[in-house]
Amino acid sequence: MGTITESKRQLAWVFDLNKCIGCQTCSVACKVLWPQQDPGTEQMWWMTVNTKPGRGTPRDWEAMGGGYDAHGKLVLGKVPTPEEIGGGWDFNYDEVLRGGRGSDVHLHKTSGAKSWGMNWDEDEGAGEFPNAYYFYLPRLCNHCTRPACVEACPKDAIFKREEDGLVLRDEDRCEGAQRCSSACPYKKIYFNSARGVSQHCIGCFPRIEQRVAPACVRQCPGRAAFIGFLDDEDSAVAKLVKKWKVALPLHPESGTEPNVYYVPPLSPAPLREDGSFDESGDRIPPSYLESLFGPGVHAVLKSLRAELDKKRRGLDSEVLDTLILYRWKDALGHLDRDPAEIVWN
Amino acid sequence: MASIQGNWADAYRDKWKWDKTTWGTHCVDCYPSNCPYHVYVRDGRVIREEPAGDFQTIEPGVPDMNPAGCQKGASWSQMLYGKERVLHPLRRAGERGEGRWERISWDEALTDIADAMLDAIEESGVESIVRIGTPAEGGTQSMALSGGVLDRIGVTSTDVQSEINDFNPGLYATFGRFDPAASNDDWFHSDLLLIWANNPAYSAIPFYHYVAEARYNGAEVVTIAPDYNPSAIHGDYFVPVRIGSDAALALSMCRVIVDEGLVNESFVREQTDLALLVRTDNARFLRQCDLEEGGSESIFHLFDQHSGRIVEAPRTLDLGALAPALDGSFRATLADGVEVEVAPAFTHLRHRLEDYSPEDASVMCGVHPENIRELARKVASRRTHILLGWTTGKAYHGDLMERSMCLLLALTGNWGKQGAGIRSWAVGMFDGQFILRDKPRSGQEATREIVAGQQAMIDAMLAEDPTATKEIIIAEMSYAGALPINAVPSAFFWYHHCGYREAWNNAGWGDPSMKRTFDEYVDEAVEKGWWQGSATQAAQAPPRVLFEIGGNLLRRQRGGQRMLLEHLWPKLRMIVSVDWRMSTTGLHSDIVLPAAQHYEKPNFPYTTPDVMNLTFSDRAVEPQGESRSEWQITLALAKKLTERAKARDLVEIRNGNGERVRLDRLYEEISFDGALADDDAVIDEIIRDSAVMGTIPADTTLESLREKGWVRFIDWGLSPMALAQASDLSPNETHSPFRWQTEKKEPFPTLTRRAQFYIDHEWFLEAGEELPVHKEAPAQGGDHPFQITSGHPRWSVNSMNSTSSIILGTIRGEPVAHINDGDAAARGIENGQSMRVFNDLASVVVQARVTPAVQPGQLVMYNGFEPYQFKGWQDFSNVEPGMVKWLHLAGGYGHLRYRALHWQPVPIDRAVRVDIERAS
Ligand code: SF4
Ligand code: SF4
Ligand code: SF4
């Protein structure tokens, strides 16, 4: 069993779900950057974005268990199967483009999961037309303060990095027991069958070491992603999480104290039976949001609405100005270096 | 501070390292594109790309544009080495479309092509060679440079606007320009954003954030769409409108504004034609020629309330001391002494709006009357920007929807100021690429001479009509075919050669208000000379050789492969596809020429007011395999064509206009005797020419762009779509179009010189469309219960990324169509199952995505998949009849005349009727 050490400082991510458009740029940026196309990594997407409500990726991950129980005891859950993770597809390019069989064959999957992919239930949501509802939820390793994976690892291969709290895996030590995966309540750990090790988001530590923001944050065109130290009062992350408290962790009941936070989603006024706007109604059921972000979500939404109202009356709102992000670099905290400046020798 | 050690950690650190970076972007039609990236190279391979993130703040208090990018951009490097890449010249070795290839040398390929071209020229004239106007690559290389030989010898080139139909005919009819394009950061200034017939969360990924940020800044965001689309989720209100009824909604909002006395009357008087007097007896404007013998047909009248008299309307928007009446009935004495009743167009509009009480309109558009009222009041009291997409132009009566939206903005004074207006698209400013082929010799001296000549011509024309503007003059030159793009309205090409005539004459699929057959309208339009010149001539030459450069017409064509393969393909002796990937069109070609991909050549994307930058994309690595830049392909073809022409003693030919064209020095002419034969040389020339023409800073060169990556435009130059922006281009303000109209009172380039809501063209009167009106979409494809809406996909730029394995991993790995959960249940279709979608034309099988976000009766099929991703290669275009609206054949009326990229019949693909069943 591994031991959880305390880090001196903690990096945290914030995703503003009122800005996230589900474009998957973060996911793709991560997959292209790190070895997630090598043999054994086909199904890996360390960063994923799903439409919520939805079964997500791995399919029905929220029902797979893990984390800590009410007494703080580690709970081992399910290890997702390849079919539940989904994807990992290759396609019959040669057959279609060069095979000489014309329209008898069309481009299709030749390997991988049959019934699921990392973004299978894109844009589906729930509710009933015209009051359907959905939003996008980007997810990566939460770099938790109480990482269940660390405690569960029989080889003590996972650790919290001292200077920034990233949860990293010594892949030389990992033997692929996958206890981490069963313990992780977020199911953000993948198994590399070619190498016999597990892998997960590395927090872009090589970039962070060079004062460059992680790819998922730096490439987010929705300007929905923020990063920084929680104790750096100047960082947008600290302001949103600590000062104004408008960003909440996902499934706080898991007990792992995640360090990825979300500004919860507002939504358009629903329509009454007769088609008129119900200005005071909720399109997304508050209970659903509570099931994701805990009971604190109601106060956050209320305060966001109050801030919006201020802006509409021509008053200032520091919270919204931070989320507007007049200068994009302000999303990156101290990690605002342009990577192209770096010259390796 | 590398506190962690170990091989595993070093492997990751090493993985991130690179040898060099270059500037890159994706010179494609992802509009507005222009996302500056750094491309990372290691060991001679592109390993990844990442946004540069170095945009500066333009206007203090407005968010910057960083980082700008998307998931396609983030994985472009992976397609460079993808299995869909074409790396060698290929010649068909089986039937067309079979996918059996023979690898041949460039020399063999070019010889085949040149011989086929010369055969066609000898047999049927050079117009029998067709270049499909295509935007897919949208870069300088494929758009401007690839045309080197083809344009010079005078091949038929179909109009890109009708090929893709990103036209806004209603904006054009109203403003004489279809293309207001505010800079994206201008959205931030709005108090009310109406996302209407648009899904920017998909189609404007790099810039959607301005919607969310405007909202945080106090704006309200309203999404008007049939489905609860991904852009609606972050709005304040979602207005589910019945498919195709947007005009009824807009007109009803106009009615509320009129009824409640919310009209901005001074704006309406000054900016629009609604104060112009219309004769009651014949519904035509009261023209000078009505009042005096030999009077002008384009001088109109107002009733001045100060003097109590009918006076001539000024030819600019400057009303001086006039106080035009918007209501009333007046009497005018015609030249022959007869007295007629006249009334301002606004009075007619009042009558028209009588049909659109919120209660009545609610029945038409499905929106609750109170919601219509509330929305109308919001628009009347706030700075409103309609973020219009390109859906309306693809709807049969989309022109009416757009005219109604423009009317809403007119009544509320909502254009010509920051944060207000309506959105379309525009390209321009990079003038050097347009001038290249007109230059007598290389170098900037020649450019200066041309610029001086153009300026003298403009000055002379302005002296002739001091009320005109530079925009109006350039538009006139463009109508006269004086500008370099020599395009043919595609509708005539399809009508004559591609089998569309039958569908367009199918009374059941067309507009029920048509009083005659489509053929009769075509005949009358041609007889009246409305489409004179190359349009009709070239359309009649039999097509023999076809070039598709960087495009994919068998994916794009409304009416689908079905029409083209059946009707056009058999007429063609040679089909050439130039592309870096194998598209469906490539599969059906005779020869595929491998083009260099985006990180393998110096290039620029379309330049647009949305971003306002010239963005450079460099050669990060040498072209893979035997691929070549389009410029090198053009030059090689030029050489080969000359060589083969000489061999058969065909050194002089005549183009469609009967002008002599010599074939014996093509390479020398196009490359300026080799001076610009190198990619870098020609790109540098275009940059320097643009600097001379004043659109970019004077010291901009290829070298400076290699250093800095991009540069902000400083002036509009002379391209029509840039001048159509009609606002000063400021270095430290967001761009909002039409400020020259509101601030300088400059005229609109319309017949009446005002924003024109009343169109008294005889056909418009015949159609009952002289004023905006709501009409139901015809039953295209037969009488079936579902209507297809479609649109720009999230995951592909046209079809370019739709076969990328990494992108396919972010969706279901295959095409899906979105169907309402109730509809699916009623048909026993479960999420993920196959469904058969069919109508009178064809049947298509696709996987179902079941969701309550889609309106009952709606089927959403996002565009962009390759036909070869569908079973039997039967994609959705096959169920589209590809109709055009007959009224768009109208011409001979002020701005309703053909010029490239503007007024012309454009194909329809929205609201096609289908039925759906579970596929076995
Ligand atoms: S890149 Fe940003 S906007 Fe796009 S899905 Fe990821 S977090 Fe959301
Ligand atoms: S921090 Fe880096 S490794 Fe982790 S999800 Fe983001 S991009 Fe991927
Ligand atoms: S594909 Fe277009 S939108 Fe996407 S990053 Fe490239 S230029 Fe930007």
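Residues numbered from 1 in each chain as written. Chains lettered and ligands numbered in written order. Predicted model: local features only at pLDDT ≥ 70, side-chain atom pairs only at ≥ 80, totals over all residues. Heavy atoms only, no water.

Engineer: For the overall build of chain B, give the residues involved together with the corresponding values.
Structural biologist: A count of helical and extended segments in chain B gives 35 helices and 30 strands. Over its C-alpha atoms chain B spans a radius of gyration of 27 Å, differing by no more than 12% from the 29 Å that the globule rule assigns to 920 residues. Expressed along its principal axes, the backbone C-alpha trace of chain B runs to roughly 80 × 65 × 60 Å. Sequence-distant contacts in chain B: of pairs separated by 6 or more residues, those separated by 24 or more amount to 75%. Carbon and sulfur atoms provide 46% of the accessible area of chain B, an area that totals close to 26800 Å². In chain B, 90 side chains carry a positive charge and 127 a negative one; their mean positions are 3 Å apart. (Helix = DSSP H or I, 4+ residues; strand = E, 2+ residues; numbered from the N terminus. Rg over C-alpha atoms; globule rule 2.2 N^0.38 Å. Contact = heavy atoms within 4.5 Å. Areas by Shrake-Rupley, 256 points an atom, 1.4 Å probe, with all protein chains shown as cover. Lys, Arg positive; Asp, Glu negative; His and termini not counted. Charge placed at Lys NZ, Arg CZ, Asp CG, Glu CD.)

Engineer: Any details on the overall build of chain A? Residues and values, ideally.
Structural biologist: Helix and strand counts for chain A come out as 11 helices and 10 strands. The C-alpha atoms of chain A give a radius of gyration of 21 Å, which matches the 20 Å a tight globule of 345 residues would have. Dimensions of chain A, computed from C-alpha atoms along their principal axes, come out at roughly 60 × 55 × 50 Å. Per-residue burial for chain A yields a buried fraction of 63% across its 345 residues. Considering only contacts in chain A between residues 6 or more positions apart, those separated by 24 or more positions represent 68%. Total accessible area on chain A stands at roughly 12300 Å², and carbon and sulfur atoms take up 48% of it. Both charge centroids of chain A, one from 43 positive and one from 49 negative side chains, sit 2 Å from each other. (Buried < 20%, exposed > 50% of the residue type's maximum accessible area, 1.4 Å probe, protein only.)

Engineer: Go over the nonpolar core with me, naming the residues and quoting the values.
Structural biologist: Residues Phe293(A), Met117(B), Phe547(B), Leu859(B) and Phe876(B) are the most contacted members of the largest nonpolar core, which totals 264 residues. A total of 10 residues in this core trace back to one element, the largest contributor, which is helix H3 (residues 106–124) of chain B. In contact with Phe293(A), other than residues within four places in its own chain, are Leu17(A), Leu137(A), Leu248(A), Pro249(A), Leu250(A), Pro252(A), Tyr262(A), Pro264(A) and Pro265(A). (Core = buried A, V, L, I, M, F, W, Y, C linked by side-chain atoms within 4.5 Å.)

Engineer: Residue-level account of helix H18 (residues 444–464) of chain B, with values.
Structural biologist: Residue and element names in this part refer to chain B. In a regular helix each residue adds 1.5 Å, so 21 residues correspond to 30 Å; H18 covers 30 Å between its end C-alpha atoms and thus fits that length. Within H18, burial applies to Gln 444, Ala 446, Thr 447, Ile 450 and Ile 458. The buried residues of H18 all sit within an arc of 150 degrees when viewed along its axis, so they share a single face. For H18, exposure combined with an orientation more than 90 degrees from the buried face picks out Ala 463 and Glu 464. Taken together, the buried residues of H18 touch helix H17 (432–435), helix H19 (470–479) and helix H29 (679–692). (Expected span 1.5 Å × (residues − 1). Arc of directions from axis to C-beta.)

Engineer: Outline the sheet that holds strand S15 (residues 339–344) of chain B, supporting the account with residue identities and numerical values.
Structural biologist: All names here are of chain B. Taken together, the 3 strands give an open sheet; going across it, the order is S11-S15-S14, and neighbouring strands pair in antiparallel fashion. Sheet topology places strand S11 (277–279) and strand S14 (330–333) at the edges, where each strand pairs with a single neighbour. Between one strand axis and the next, the sheet turns through 45 degrees on average, direction left out of account. The sheet contact formed by S14 and S15 spans 4 bridges and is antiparallel. Its bridge partner being in S15, Arg 331 is matched across the sheet by Glu 341. Helix H13 (residues 345–353) contacts S11 and S15 of the sheet and is inclined by roughly 70 degrees relative to S15. (Pairing = 2+ DSSP bridges. Axes fitted to C-alpha atoms, helices over the stretch in contact; angles between N-to-C directions.)

Engineer: Talk me through the packing of aromatic side chains; I want residue IDs and the actual numbers.
Structural biologist: Residue and element names in this part refer to chain B. Under the counting rule described, the total for this entry stands at 59 aromatic pairs over all chains. Centroid distance Trp 531 to Tyr 898: 6.0 Å. Interplanar angle 40 degrees. Geometry classified as tilted. Here the residue Trp 531 occupies a position in the loop between helix H22 (518–527) and helix H23 (534–540), and Tyr 898 occupies one in the loop between strand S29 (858–862) and strand S30 (912–918), the gap between them amounting to 367 residues. Residue Tyr 898 is classed as buried on the basis of its relative accessible area of 15%. (Phe/Tyr/Trp six-rings, centres within 6.5 Å; stacked < 30°, edge-to-face > 60°.)

Engineer: Hey, could you go over the site of ligand 3 for me, with residue numbers and the actual values?
Structural biologist: What surrounds ligand 3 is the set Thr25(B), His26(B), Cys30(B), Ser33(B), Cys35(B), Tyr37(B), Gly69(B), Cys70(B), Gly73(B), Trp76(B) and Pro206(B). Residue composition of the shell around ligand 3, grouped by class: 6 nonpolar, 5 polar and no charged. (Near = heavy atom within 4 Å. Nonpolar A, V, L, I, M, F, W, Y, C, P; charged D, E, K, R; others polar.)

Engineer: Tell me about the interface of chain B and chain A, and please be specific about residues and values.
Structural biologist: Much of the literature gives interface size as the accessible area that the parts lose upon coming together. Listed per partner, the contact involves 112 residues of chain B and 102 residues of chain A. Between chain B and chain A, roughly 9000 Å² of surface is buried when both sides are summed, and carbon and sulfur atoms account for 59% of that area. Of all residues in chain B, Tyr12(B), Trp16(B) and Tyr216(B) bury the most surface against chain A, accounting for 11% of the area lost on that side. In this structure, the connection of chain B to chain A is made through 63 residue pairs in polar contact (both at pLDDT 80 or more). Counting residues per element, the side of chain B that touches chain A draws most heavily on helix H1 (residues 7–16) of chain B, at 7 residues. When the residues that make up the side of chain B that touches chain A are grouped by side-chain class, the tally is 52 nonpolar, 36 polar and 24 charged. (Buried area = accessible area lost by both parts, 1.4 Å probe. Polar contact = N/O pair within 3.5 Å; in protein donor to acceptor, adjacent residues only side chain to side chain.)

Engineer: Describe the pattern of salt bridges, listing the residues and the values that go with them.
Structural biologist: Residues and elements named next belong to chain B. This structure, assessed with the given rule, holds 110 salt bridges over all chains. For Arg 13, the salt bridge identified is with Asp 10, shortest N-O distance 3.0 Å. With a gap of 3 residues between them, Arg 13 and Asp 10 both fall in helix H1, about one helical turn apart. Note that Arg 100 is salt-bridged to Glu 98, the shortest N-O span being 2.8 Å. (Salt bridge = Lys/Arg side-chain N within 4 Å of Asp/Glu carboxyl O.)

Engineer: Mind laying out the site of ligand 1, listing which residues take part and the relevant values?
Structural biologist: Neighbouring ligand 1 are 13 residues; Cys20(A), Cys23(A), Gln24(A), Cys26(A) and Cys220(A) lie closest to it. Its residues placed into classes, the shell around ligand 1 shows 9 nonpolar, 4 polar and no charged.

Engineer: Help me get a handle on the pairing of S14(B), residues and values and all.
Structural biologist: Each regular strand carries side chains that alternate between the two faces of the sheet. In S14(B), alternate side chains face the same way, and those of Phe330(B) and Ala332(B) are buried while those of Arg331(B) and Thr333(B) on the opposite face are not. In textbook terms, the turn of a hairpin is the stretch between consecutive antiparallel strands, and for S14(B) and S15(B) this stretch comprises 5 residues, one of which, Gly337(B), has a positive phi near 90 degrees.

Engineer: So what's going on with unusual backbone geometry? Which residues, and what values?
Structural biologist: The amide bond that connects Phe129(A) to the next residue, Pro130(A), takes the cis arrangement and shows omega of 5 degrees. Here Pro130(A) lies in the loop between helix H3 (93–98) and strand S3 (135–139). At the junction of Asn66(B) and Pro67(B), the peptide bond is cis and its omega measures out at -5 degrees in the coordinates. The residue Pro67(B) is located in the loop between strand S3 (45–51) and helix H2 (76–80) in this model.

Engineer: With reference to specific residues and values, describe the pairing of strand S2 (residues 37–42) of chain B.
Structural biologist: Residues and elements named next belong to chain B. Among the 6 residues that make up S2, 5 are buried, leaving the element largely enclosed by the rest of the structure. Note: strand S1 (residues 20–24) against S2, 5 bridges, orientation antiparallel. If you follow Thr 21 over to S2, its bridge partner there is Tyr 40. Pairing of S2 with S3 involves 6 bridges; the strand directions are antiparallel. For Tyr 37, the partnering residue across the bridge sits in S3 and is Pro 51.

Engineer: Run through the side chain of Asn192(A), naming residues and quoting values.
Structural biologist: Residue and element names in this part refer to chain A. Mapping Asn 192 onto the fold places it in strand S6 (residues 190–192). Classification of Asn 192 by relative accessible area gives buried; the value is 1%. Looking at Asn 192, its side chain comes within polar contact range of the side chain of Gln 199, at 3.0 Å. Those residues in contact with Asn 192 that lie beyond four places of it in its chain are Pro 39, Gly 40, Thr 41, Met 44, Val 197, Ser 198 and Gln 199.

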